[in-house]
Amino acid sequence: MKNKFSKILPQILFTLLVYTLLVILWGAWVRISQSGDGCGDTWPLCRGQLIPDAAQKKTWVEFAHRGMSGFFGIFVFSLFIFIRKNFARDSRTYTWIKWSLIFTVTEALLGAKLVLFHLVGNNDTPFRAFAMALHLINSLMLTASVAMTWDVTNNQNSVARVQNPWGKQQAYRPLQIKKIFISLIASFLALGVTGAIAALANTIYPALSLNEGLLADLNENSHYLIRLRAFHPMMGILIGCGLTLSLWISSQFTKDDEIIFKRRTLRAAAGCLFGVVIGATTLLTLSPPTMKLVHLTMTYTIWILLTLWCRQLLWPIESVPAEKNK
């Protein structure tokens, strides 16, 4: 049982990671299609029913999201129980699946709050903007936790070839790690918050043309959401290009025998650069539904790449095998 579980667990966790993205994308479609009020103001039941009999399309869109989210919660909780029984409490696999469960619970509570407080449809209050930003941050943390669980489990028996990916700068590595890690997380989360606000603004107040949208962004009489959405493309260019350049420079100072770290650094850099291109395309095409989903997919893909890069940066050497000795 022990060996079989060890062999299939990484595949199961990777499936969970993919499913996490699907649930998030469907949740975005709920917002894009303005189906957030499809089940009324009842939660977790839909219009007070376990299976709704409504004929409205938005009811089934919202109900499908609740069903996917419910299965996701069961999936994560089941893995938590299995890992708790088969791994040591101080193992990284157990630590990250525990965080995955915590963020799953908070994600469900935030989703319930959107429904119960009527923060759906055309609600354009600051409270909804704050809730959307908080929801986005929590979903990023959830995705990172699942990605970390998969990565540490998939590599738990590997042995890194070098302890310091930047060679001779051993004495400065802890400070470098702290600065890079904090700035990386903070900048991407800030970009995500502005993205959530911009997405909400484009859903409620779509622009008919690029010129009209720019004029509305600069008009002091425009709704606050319209004026705030201009920050996202500007921050996207600055942070996206900055991360791309920083990661590329880091790859040049990485020792050649630290192949895994160098590959992850270059993949993250390429992802950030491609993300800037996708973001610009979304803006120039006035954010059609398809591009919104592509944009969000790219955002979470970059986030996963950055998470895996950070994991290799912070913990290049795995500790003793994480499984319990039986």
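Keep in mind it's a predicted model, so treat the numbers as computed, not measured.

**Q** Got a sec to walk through the layout of surface pockets? Specific residues and values, please.
**A** The space that makes up the second largest pocket amounts to roughly 260 Å³. Taken together, 17 residues make up the lining of the second largest pocket; nearest its centre are Trp-96, Met-141, Ala-144, Phe-181 and Ile-185. Breaking the lining of the second largest pocket down by element, the ones donating at least two residues are helix H3 (92-116), helix H4 (126-154), helix H5 (173-204) and helix H10 (289-314). Looking at the lining of the second largest pocket, the element that brings in the most residues is H10, giving 5 residues. Tallied by class, residues from the lining of the second largest pocket come to 15 nonpolar, 2 polar and no charged.

**Q** Which residues make up the packing of H4 against H10, and what are the values?
**A** Between H4 and H10, whose axes approach to 9 Å, the crossing angle comes to 50 degrees. Of the possible angle classes, the one that applies to H4 and H10 is oblique. Our pair here, H4 against H10, has a crossing hand that is right-handed. Residues Leu-136, Ser-139, Leu-140, Met-141, Thr-143, Ala-144, Ala-147, Met-148, Trp-150, Asp-151 and Val-152 of H4 touch H10, and the partners they reach there are Tyr-300, Trp-303, Ile-304, Thr-307, Leu-308 and Arg-311. Among the residues making up the contact of H4 with H10, the classes are represented as 12 nonpolar, 3 polar and 2 charged.

**Q** Could you give an account of the packing of aromatic side chains, naming the residues involved and the relevant values?
**A** The geometry of two aromatic rings is summed up by the distance between their centres and the angle between their planes. One pass over the structure, following the stated rule, counts 10 aromatic pairs. Centroid distance Trp-60 to Phe-63: 5.7 Å. Interplanar angle 90 degrees. Geometry classified as edge-to-face. Residue Trp-60 and its partner Phe-63 are both found in helix H2 (residues 57-86); the two are separated by 3 residues, about one turn of the helix. A relative accessible area of 36% places Trp-60 in the partly exposed class. For Phe-63, a relative accessible area of 22% puts it in the partly exposed group.

**Q** Could you give me a rundown of H2, with the residues and numbers involved?
**A** Here H2 spans 44 Å end to end across 30 residues, near enough to the 44 Å set by a 1.5 Å rise per residue. By the burial criterion, the buried members of H2 are Thr-59, Val-61, Glu-62, His-65, Arg-66, Phe-72, Phe-75, Val-76, Leu-79, Phe-80, Ile-83 and Asn-86.

**Q** Which residues make up the environment of Leu-109, and what are the values?
**A** Position of Leu-109 among the secondary structure elements: in helix H3. The exposed category is assigned to Leu-109, whose relative accessible area is 54%. Separated by 26 residues in the primary sequence, Leu-109 and His-135 place their C-alpha atoms 9.7 Å from one another.

**Q** How would you sum up empty space enclosed by the protein? Please name residues and give values.
**A** Within this structure, the stated rule accounts for 1 cavity of 30 Å³ or more. Forming the boundary of the largest cavity are Leu-21, Ile-24, Leu-25, Leu-296, Thr-297 and Tyr-300. The set of elements that each furnish at least two residues to the lining of the largest cavity consists of helix H1 (2-32) and H10. Taken together, the residues of the lining of the largest cavity sort by class into 5 nonpolar, 1 polar and no charged.

**Q** Tell me about helix H6 (residues 210-218), residues and numbers included.
**A** Looking only at H6, the buried set comprises Gly-213, Ala-216 and Asp-217. The buried residues of H6 all sit within an arc of 100 degrees when viewed along its axis, so they share a single face. Opposite the buried face of H6, at more than 90 degrees from it, the exposed residues are Asn-211, Leu-215 and Leu-218.

**Q** Run through a nonpolar patch on the surface, naming residues and quoting values.
**A** Residues Trp-43, Leu-116, Phe-117, Phe-127, Phe-130 and Leu-134 make up a contiguous nonpolar surface patch of roughly 600 Å² in combined accessible area. Take the nonpolar patch: its biggest share by element is 3 residues, from H4. Looking at where Leu-116 falls in the secondary structure, it is placed in helix H3. Leu-116 sits in the partly exposed class, given a relative accessible area of 43%.

**Q** Describe the nonpolar core, and please don't skip the residues or the numbers.
**A** Grouped together as the largest cluster of nonpolar side chains are 28 residues, with contacts concentrated most on Leu-140, Phe-188, Leu-243, Leu-247, Leu-306 and Trp-309. Going through the elements one at a time, H1, H4, H5, helix H8 (231-252), helix H9 (259-284) and H10 are the ones with two or more residues in this core. Take this core: its biggest share by element is 10 residues, from H10. Other than its neighbours up to four places away in sequence, Trp-309 contacts Ile-180, Leu-184, Leu-247, Phe-261, Arg-264 and Thr-265. With 23 residues, the next largest nonpolar core counts Tyr-19, Phe-75, Leu-101 and Leu-142 among its residues.

**Q** Which residues make up the pattern of salt bridges, and what values go with them?
**A** Where charged atoms from two side chains of opposite charge come close, those side chains can pair. Counting across every chain of the model gives 5 salt bridges. A salt bridge links Glu-62 to Arg-66, with the shortest nitrogen-to-oxygen separation between them at 2.9 Å. Of this pair, Glu-62 and Arg-66 both sit in helix H2, 4 residues apart, roughly one helical turn. Relative accessible area serves as the criterion here: at 5%, Glu-62 is assigned to the buried category. Between Asp-217 and Arg-229 there is a salt bridge, with the nearest N and O atoms lying 2.7 Å from each other. Placement of the pair is Asp-217 in helix H6 and Arg-229 in the loop between helix H7 (224-228) and H8, with a sequence separation of 12 residues. Relative accessible area serves as the criterion here: at 15%, Asp-217 is assigned to the buried category. For Arg-229, a relative accessible area of 8% translates into the label buried. What you see here is one network of salt bridges that share partners, running through Asp-151, Arg-264 and Arg-311.

Thresholds, definitions, all that
Residues numbered from 1 in each chain as written. Predicted model: local features only at pLDDT ≥ 70, side-chain atom pairs only at ≥ 80, totals over all residues. Heavy atoms only, no water. 1 Å grid on protein atoms, 1.4 Å probe; cavity = no way out; pocket = protein on both sides within 12 Å on 5 of 7 lines; lining within 4 Å. Points joined across faces, edges and corners; volume = space filled by probe spheres on them. Helix = DSSP H or I, 4+ residues; strand = E, 2+ residues; numbered from the N terminus. Nonpolar A, V, L, I, M, F, W, Y, C, P; charged D, E, K, R; others polar. Axes fitted to C-alpha atoms, helices over the stretch in contact; angles between N-to-C directions. Parallel < 35°, antiparallel > 145°, perpendicular 65-115°, else oblique. Left-handed = near helix turned anticlockwise from the far one by under 90°. Contact = heavy atoms within 4.5 Å. Phe/Tyr/Trp six-rings, centres within 6.5 Å; stacked < 30°, edge-to-face > 60°. Buried < 20%, exposed > 50% of the residue type's maximum accessible area, 1.4 Å probe, protein only. Expected span 1.5 Å × (residues − 1). Arc of directions from axis to C-beta. Patch = residues over 30% accessible without salt bridge, like charges linked within 9 Å, V, L, I, M, F, W, Y side chains within 5 Å. Areas by Shrake-Rupley, 256 points an atom, 1.4 Å probe, with all protein chains shown as cover. Salt bridge = Lys/Arg side-chain N within 4 Å of Asp/Glu carboxyl O. Core = buried A, V, L, I, M, F, W, Y, C linked by side-chain atoms within 4.5 Å.

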